[in-house]
Amino acid sequence: MSEGTMQRAVKRDEHDRRDQREQRARGLRRAVVCAAAVPVMLIAAGCSSDSGSGDKAADDSSAKSSASSSASPSPTVQAAAYKSIPDACKVLGKKTLEDLAPKAKSGKKGSSDDASTRGSCSWSSLDNNGVKGSQFRWLNVSLLRFESDVTRGSGEELAQGYFETQVRDAKSVSGAKSLKSEPVAGVGDQATAVRYDLKKKEGSFKQETVVARVENVVVTLDYNGAGLAGEKTPSADTLNKLAQKAVKEVVAAVAEANDGGSAGTPSSAPSKSASKSPSGSASKAASSSPSKSAAKKS
């Protein structure tokens, strides 16, 4: 073998060994790259799995919340028993009016923007006996009906609160003397009579206020009398007896106007009138009434 041939053989062997080393190096680099890629794929797979689980949990929670919300019942309140009130000027019989206000020609109806909710009527009587003096009587009847309201309560509850307010007002008249308050039996669901004396420039007045509640309706009856120009002051017991008789008739008229009244089904309709107070205009004679509560409703 010539020297040239031997040199070519040596070079070929070196070239082959170099190729093998390069192949092994490339194989090792591929292995490293693949090994590094595996954790990344695992992490990506893990993140993808967690994300799907979170979305599913959120969807489940939303579905449960929606189901719970739809299952919750809507708020309701017991419907008011009475749906109307009678004409305040027609709640008393002729005989009763003759006893309480003998010289009154007719009742004066108070103004109202909703006759089914509130009403009032007043009667003024002056029995003028000339030099012998005069007997003055003034009578006012007010009715206020409450509707049930889911945000405020049932009509009966609202009427109960107003009843208590009316009684307090009747007891808090400035200048009242010999004030007396007592429950009245057999009148609606509850009733209270308040009486007192009041001295005015026209004379000495005897005031009787009877407040009664029947279901979701409150009746307030104000009655006062005075002996003028030297006439004898009327008996407080007589006025009280007449006032209680009259309020019983008014309560009966309320029940009759509603066919005796009947409990209804739950209602969610809000009341637009329950928060309002009775309104009405007083007669000229009413201006001499000593009752603060009567003045409000006259």
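Residues numbered from 1 in each chain as written. Predicted model: local features only at pLDDT ≥ 70, side-chain atom pairs only at ≥ 80, totals over all residues. Heavy atoms only, no water.

### What about helix α4 (residues 236-257)?
Taking 1.5 Å as the rise per residue, α4 with 22 residues should run 32 Å; its terminal C-alpha atoms sit 32 Å apart, in good agreement. Just downstream of α4 lies D259, where phi reads positive at about 55°. (Helix = DSSP H or I, 4+ residues; strand = E, 2+ residues; numbered from the N terminus. Expected span 1.5 Å × (residues − 1).)

### Brief notes about the nonpolar core
L92, W123, L139, V141, L143, L221 and Y223 are the most contacted members of the largest nonpolar core, which totals 35 residues. No other element matches the ten residues that α4 contributes to this core. With residues up to four places along the chain from it excluded, the contact list for Y223 reads D99, L100, R137, W138, L139, K206, Q207, E208, L239, L242 and A243. Formed by nine residues, the second largest nonpolar core is a distinct cluster that contains L144, F146, V211 and V218. (Core = buried A, V, L, I, M, F, W, Y, C linked by side-chain atoms within 4.5 Å. Buried < 20%, exposed > 50% of the residue type's maximum accessible area, 1.4 Å probe, protein only. Contact = heavy atoms within 4.5 Å.)

### Quick word on the side chain of S154
Topologically, S154 is positioned in the loop between β3 (134-145) and α3 (155-171). Among the residues examined, S154 registers a relative accessible area of 12% and is labelled buried. For S154, the contacting residues outside a window of four places in its chain are V77, Q78 and S148.

### Structural notes on α3
Here α3 is 17 residues long and its end C-alpha atoms lie 25 Å apart, about the 24 Å a rise of 1.5 Å per residue gives. Within α3, the full set of buried residues consists of G155, L158, A159, Y162, F163, Q166, V167, D169 and A170.

### Things to note about the state of the cysteines
In this structure the tally under the stated criterion is one disulfide. The disulfide that involves C89 links it to C121, with 2.0 Å between the sulfurs. The disulfide joining C89 to C121 has a torsion of about 95° about its S-S bond and is therefore right-handed. Here C89 is found in the loop between α1 (3-71) and α2 (94-100), whereas its partner C121 is found in strand β2 (residues 118-128), with 32 residues between them in sequence. (Disulfide = S-S within 2.5 Å.)

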